[in-house]
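# Survey of secondary and tertiary structure
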Amino acid sequence: MTGRNQSIISEFLLLGLPIQPEHKNLFYALFLAMYLTTILGNFLIIILIRLDSHLHTPMYLFLSNLSFSDLCFSSVTMPKLLQNMQSQVPSIPYAGCLTQMYFFLFFADLESFLLVAMAYDRYVAICFPLHYPTIMSPKLSLSLVMLCWVLTTFHALIHSLLMARLCFCAENVIPHFFCDMSALLKLSCSDTHVNELVILITAGLILVIPFVLIVVSYGLIVSSILKVPSAGGIQKAFSTCGSHLSVVSLFYGTVIGLYLCPSANNSTVKDTVMALMYTVVTPMLNPFIYSLRNRDMKGAMGRIFKKKIPFSLGW
Ligand SMILES: *[C@@H]1O[C@H](CO)[C@@H](O)[C@H](O)[C@H]1NC(C)=O
């Protein structure tokens, strides 16, 4: 340090996960397997939806966007985590850290907005089945996706620019496995009041509003089903909405638990485990939640493999 408080840190150290050294290889294999599953599962969904024209409906196009977002979201943190688990000095350059933070926010928000679009889509499909094709036109669904991208670009940009303004002087150890915004703020030697205020405001807007919209959509769906109870209708609604609701609760449960209910004793272990839940586990489970119990997806898989394999095997 040069003695001036402006001395600039050129890299950060990511402490990673609180894992005993003897378990390191086990966890490395586990995370590698989870990452590969995430990539393959989501990639398969995107390919299936692209190839099968039965699935060119707004619901599946949103799902394909969600898979793309999941794929990117886990690629923001996992490769670096895996690399750092193997290296002696788990460092990340300053610019790399800010970039990681930007894309982390970007894809986390994108996911959250896409879940709102999907909830709205289900709401229209179930509560106004006759008007669904006219309301959910390709134009509206494309506009919704574009709106998600625009909002998330702005949100991630605001936080990254505010972070780039800060000075980091002495401390450069991040007790986390990626460049987490709140961990970075704690290391800064500048005044972080503006950042904290902006985080508070945008966290409210970005997390709470989508969450409320999703809850309201599914609430309206449930009440419209209960008004006209028919065994077939209930089963149909729950088979599509059940999977949506599991994804939503998995994502929001962990994110809200982490950011809106900070632990009293500031335990980093709990924070890291919660962060692992939504950065690693949620993107991995989404494709399975959506496709395993979904007849359309299974049908598409059957059609594509039946079409392709006989030719390739020369039957
Ligand atoms: C995302 O959704 C839009 C609009 O529904 C669609 O045109 C586009 O192909 C989707 N993108 C992906 C990667 O699935």
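Given the structure is predicted, the values throughout are model-derived calculations rather than measurements.

So, on to the sheet that holds strand 3 (residues 173-174). Read from one edge of the open sheet, 3 strands run 2-1-3, paired in mixed fashion. Each edge of the open sheet is held by one strand with a lone partner, namely strand 2 (91-93) and strand 3. Pairing geometry for strand 1 (residues 11-14) and strand 3, over 2 bridges, is parallel. By the bridge assignment, leucine 14 is partnered in strand 3 with isoleucine 174. The strands that helix 3 (residues 94-127) touches are strand 1, strand 2 and strand 3; relative to strand 2, the one it contacts most, it runs at about 85°.

On the secondary structure map, asparagine 286 appears in helix 9 (residues 268-292). At 2.7 Å, the side chain of asparagine 286 forms a polar contact with the side chain of aspartate 70. Apart from the residues lying within four places of it in its own chain, the contact partners of asparagine 286 are Leu66, Asp70, Glu111 and Val247.

Another point: the pairing of strand 1. Only one face of strand 1 is buried: it carries Phe12 and Leu14, and the other face, with Glu11 and Leu13, is open. Alignment of strand 1 against strand 2, held across 3 bridges, turns out to be antiparallel. By the bridge assignment, phenylalanine 12 is partnered in strand 2 with isoleucine 92.

All right, on to the packing of helix 2 (residues 58-86) against helix 5 (residues 138-164) then. With their axes 10 Å apart at the nearest point, helix 2 and helix 5 run at an angle of 20° to one another. Relative to helix 5, the element helix 2 lies roughly parallel. Relative to helix 5, helix 2 is oriented so that their crossing is right-handed. Within the contact between the two elements, helix 2 uses Pro58, Phe62, Asn65 and Phe68 and helix 5 uses Ser141, Leu144, Val145 and Trp149.

So, about the site of the ligand. Inspection of the region around the ligand gives Arg50, Leu61, Ser64, Asn65, Ser141, Leu142 and Val145 as its neighbouring residues. Side-chain polar atom of arginine 50 to an oxygen atom of the ligand: 3.2 Å apart, as the coordinates give it. One of the side-chain nitrogen or oxygen atoms of serine 64 is found 2.3 Å away from an oxygen atom of the ligand. For the ligand, the accessible surface in isolation is 360 Å², of which the surrounding protein chains cover 74%. For the shell around the ligand, the secondary-structure elements that each account for two or more residues are helix 2 and helix 5. Of the residues in the shell around the ligand, the class split is 3 nonpolar, 3 polar and 1 charged.

So, how was this worked out
Residues numbered from 1 in each chain as written. Predicted model: local features only at pLDDT ≥ 70, side-chain atom pairs only at ≥ 80, totals over all residues. Heavy atoms only, no water. Pairing = 2+ DSSP bridges. Helix = DSSP H or I, 4+ residues; strand = E, 2+ residues; numbered from the N terminus. Contact = heavy atoms within 4.5 Å. Axes fitted to C-alpha atoms, helices over the stretch in contact; angles between N-to-C directions. Polar contact = N/O pair within 3.5 Å; in protein donor to acceptor, adjacent residues only side chain to side chain. Buried < 20%, exposed > 50% of the residue type's maximum accessible area, 1.4 Å probe, protein only. Parallel < 35°, antiparallel > 145°, perpendicular 65-115°, else oblique. Left-handed = near helix turned anticlockwise from the far one by under 90°. Near = heavy atom within 4 Å. Areas by Shrake-Rupley, 256 points an atom, 1.4 Å probe, with all protein chains shown as cover. Nonpolar A, V, L, I, M, F, W, Y, C, P; charged D, E, K, R; others polar.

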